[in-house]
Amino acid sequence: MAYILCIETSTTNCSVALAKEREIICLEEDYNTSYSHAERLHNFINKVISRAGISLKDIAAVAVSKGPGSYTGLRIGVSAAKGLCYALDIPLIAISTLRSLALQIDSENEAYIVPMIDARRMEVYSAIFSNQNEQLRDTKAEILTEDSFKKYLEKKNVYFVGNGVEKFSAICNASNAIFVENKLPSAQEMAVLSHSKYQDKDFEDVGYFEPYYLKDFVSG
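Residues numbered from 1 in each chain as written. Predicted model: local features only at pLDDT ≥ 70, side-chain atom pairs only at ≥ 80, totals over all residues. Heavy atoms only, no water.

> Mind showing me how you'd approach the overall build of the protein here?
Helices and strands together make up the secondary structure of the protein, namely 6 helices and 10 strands. For 220 residues, the compact-globule formula gives about 17 Å, and the C-alpha radius of gyration of the protein, at 17 Å, lands near that figure. For the protein, the C-alpha atoms occupy an extent of roughly 50 × 40 × 30 Å along the three principal directions. Within the protein, the proportion of its 220 residues that are buried is 52%. Put simply, of all contacts in the protein between residues at least 6 apart along the chain, 61% involve residues at least 24 apart. Accessible area for the protein stands at about 10,800 Å²; split by element, carbon and sulfur atoms hold 43% of it. Charge centroids of the protein, computed over 23 positive and 29 negative side chains, lie 2 Å from each other. (Helix = DSSP H or I, 4+ residues; strand = E, 2+ residues; numbered from the N terminus. Rg over C-alpha atoms; globule rule 2.2 N^0.38 Å. Buried < 20%, exposed > 50% of the residue type's maximum accessible area, 1.4 Å probe, protein only. Contact = heavy atoms within 4.5 Å. Areas by Shrake-Rupley, 256 points an atom, 1.4 Å probe, with all protein chains shown as cover. Lys, Arg positive; Asp, Glu negative; His and termini not counted. Charge placed at Lys NZ, Arg CZ, Asp CG, Glu CD.)

> Please clarify how the layout of surface pockets should be interpreted in this entry.
Gaps between atoms show up when a probe of the same size as a water molecule is rolled over them. Here the second largest pocket defines a volume of roughly 260 Å³. As for the second largest pocket, its lining consists of 12 residues, and the residues nearest its centre are Asn 163, Glu 166, Asn 182, Lys 183 and Leu 184. Within the lining of the second largest pocket, the residues separate by chemical class into 3 nonpolar, 6 polar and 3 charged. (1 Å grid on protein atoms, 1.4 Å probe; cavity = no way out; pocket = protein on both sides within 12 Å on 5 of 7 lines; lining within 4 Å. Points joined across faces, edges and corners; volume = space filled by probe spheres on them. Nonpolar A, V, L, I, M, F, W, Y, C, P; charged D, E, K, R; others polar.)

> Is there a simple way to explain the sheet that holds strand 10 (residues 177-180) in this structure?
Consider a sheet: its strands pair through backbone hydrogen bonds, and that pairing is either parallel or antiparallel. With respect to topology, 5 strands assemble into an open sheet ordered 8-7-6-9-10, the strand pairing being mixed. Looking along the sheet, the strands with just one partner apiece sit at the ends: strand 8 (135-143) and strand 10. Adjacent strand axes in the sheet meet at a mean angle of 20°, parallel and antiparallel pairs treated alike. In the sheet, strand 9 (residues 158-161) pairs with strand 10 via 4 bridges, with the strands oriented parallel. Considered in strand 10, the bridge of Val 158 is made with Ala 177. (Pairing = 2+ DSSP bridges. Axes fitted to C-alpha atoms, helices over the stretch in contact; angles between N-to-C directions.)

> What should I look at first to understand the environment of Ser 70 in this one?
Structurally, the position occupied by Ser 70 is in the loop between strand 4 (59-67) and helix 2 (71-88). Note on Ser 70: relative accessible area 15%, which makes it buried. Linking Ser 70 and Ala 119, residues 49 residues apart in sequence, is a C-alpha distance of 8.1 Å. Non-local contacts of Ser 70, meaning those with residues more than four positions away in its chain, are made with Ser 10 and Tyr 35.

> What exactly am I supposed to notice about the sheet that holds strand 1 (residues 3-8) here?
With respect to topology, 5 strands assemble into an open sheet ordered 3-2-1-4-5, the strand pairing being mixed. Where the open sheet ends on each side, the last strands, each with one partner, are strand 3 (23-30) and strand 5 (92-96). For this sheet the average axis-to-axis angle between neighbouring strands, irrespective of direction, equals 20°. Looking at chain direction, strand 4 and strand 5 are connected through 5 bridges and run parallel. Paired with Ala 63 across the strands is Ile 93, a residue of strand 5. This element, helix 1 (residues 37-52), spans strand 1, strand 2 (14-20), strand 3 and strand 4 of the sheet and lies at about 150° to strand 3.

> How do you make sense of the nonpolar core when you look at a structure like this?
A general tendency of soluble globular proteins is for nonpolar side chains to be buried together. Counting 26 residues, the largest nonpolar core has Leu 5, Ile 7, Leu 18 and Val 62 as its most contacted members. Looking at this core, the elements with two or more residues in it are strand 1, strand 2, helix 1, strand 4, helix 2 and strand 5. The contact partners of Leu 5, leaving out residues within four places of it in the chain, are Val 16, Ala 17, Leu 18, Ile 45, Val 48, Ile 59, Ala 61, Val 62, Ala 63 and Leu 84. Counting residues in each nonpolar core, the second largest holds 15 residues, with Met 116, Val 158, Val 165 and Cys 172 among its members. (Core = buried A, V, L, I, M, F, W, Y, C linked by side-chain atoms within 4.5 Å.)

Given below as structure tokens:
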């Protein structure tokens, strides 16, 4: 029964979880509106390990949210994950931030799920999933308009989740649009995805792995 340390830093939520098999046994996160990853991440890692009553040497792998998202946040999370993997000689697992975020929507009815992460002004990073977490459209950086996702909204209900939702809810009047606000990616949803990848030995090359930034970094 493998312990997997899950790290999520793609937005302002600094989130760390310890998973055993497919279940979260400890979670620490700072679910706020400002970035605090540099100050809190390693403290959160130590806390979940301590609360579980294990040591770092008991971890079988580290899973990290690979993006897209905040350039700085992703860089901090991936650097920490790679450092642990090097030090402990354990595998690195990369988890799609948007796929993980989509898991926050639990819909038994057939629907589309659109996780969206704020990417400045009216732009978001988004993808489209079924309610079975099957990816139906590639990840894109796109500028929102009132016609965005129109062909999906004409077919069935579409759940929009993430910190890009507020932008779209202000301009979208589609009756099939369901806006789930105040949600950020969390390490809590990484347990199932990381366990599957661990079972399949779907690991990253620790030396060469880089976050999925999607766009070049822009300062300011």
